[in-house]
Amino acid sequence: MRDAVRVLLGALADLAPGRSVEVRVPPYGAIQCVAGPRHTRGTPPNVIETDPRTWIDLATGRSSWADAVNSGRVRASGNRADLTPYLPLAGRTPTAGAAGEA
């Protein structure tokens, strides 16, 4: 499960490069993604946290973002903390211009 979570987090980071949203899947990993204002210190304003099984289900399309949020399996705070445009990850390609972003 650890490897699946990390691979899927990496795929999200490739698909939605940036540092405005932090996605946490304890205890296996966390990434920053989504273009926008860069967060550098303290608790980020846009945080998403979920358990490993829910993250795998979201990333593979077995569960919808809305269902996971509404059921409390995903905790999301901040105005950018919505991964609906990026999920499921299957068949997606990185965003246009991603190569030029730092």
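Here's what I pulled together on the structure shown here. All values reported here derive from a predicted model rather than from experimental measurement. (Residues numbered from 1 in each chain as written. Predicted model: local features only at pLDDT ≥ 70, side-chain atom pairs only at ≥ 80, totals over all residues. Heavy atoms only, no water.)

**Section: the packing of helix α1 (residues 2-15) against helix α2 (residues 52-60)**
Okay, so step 1: Direction vectors running N to C along α1 and α2 enclose 45°, while the axes themselves pass 10 Å from each other. The orientation of α1 with respect to α2, classified from their angle, is oblique. Remark: the crossing between α1 and α2 carries left-handed chirality. Residues A4, V5, L8, L9 and L12 of α1 pack against P52, W55, I56, A59 and T60 of α2.
Okay, so step 2: In the contact of α1 with α2, the residues fall into nine nonpolar, one polar and no charged. (Axes fitted to C-alpha atoms, helices over the stretch in contact; angles between N-to-C directions. Helix = DSSP H or I, 4+ residues; strand = E, 2+ residues; numbered from the N terminus. Parallel < 35°, antiparallel > 145°, perpendicular 65-115°, else oblique. Left-handed = near helix turned anticlockwise from the far one by under 90°. Contact = heavy atoms within 4.5 Å. Nonpolar A, V, L, I, M, F, W, Y, C, P; charged D, E, K, R; others polar.)

**Some points on the pairing of strand β1 (residues 21-25)**
Okay, so step 1: Of all the five residues making up β1, four are buried; the element is thus mostly covered by neighbouring parts of the structure.
Okay, so step 2: Where β1 folds back on strand β2 (residues 29-33), the antiparallel hairpin that results is connected by three residues.
Okay, so step 3: Pairing of β1 with strand β3 (residues 47-50) involves three bridges; the strand directions are parallel. Its bridge partner being in β3, E22 is matched across the sheet by V47. (Buried < 20%, exposed > 50% of the residue type's maximum accessible area, 1.4 Å probe, protein only. Pairing = 2+ DSSP bridges.)

**Quick look at the side chain of N46**
Okay, so step 1: Here N46 lies in the loop between β2 and β3.
Okay, so step 2: A distance of 3.0 Å separates a polar side-chain atom of N46 from the backbone nitrogen of R80.
Okay, so step 3: Setting aside residues no more than four positions away along its own chain, N46 makes contact with S20, V21, E22, S77, G78, N79, R80 and A81. (Polar contact = N/O pair within 3.5 Å; in protein donor to acceptor, adjacent residues only side chain to side chain.)

**Overview of α1**
For an α-helix, 3.6 residues make a turn, and residues three or four places apart therefore share a direction.
Okay, so step 1: The end-to-end C-alpha distance of α1, which contains 14 residues, comes to 20 Å, matching closely the 20 Å that a straight helix rising 1.5 Å per residue would cover.
Okay, so step 2: Every buried residue of α1 is accounted for by V5, L8, L9, L12 and L15. The buried residues of α1 all sit within an arc of 125° when viewed along its axis, so they share a single face. Projecting away from the buried face of α1 at angles above 90 degrees are the exposed residues V7 and D14.
Okay, so step 3: Buried residues along α1 sit in contact with β1, β2 and α2. (Expected span 1.5 Å × (residues − 1). Arc of directions from axis to C-beta.)

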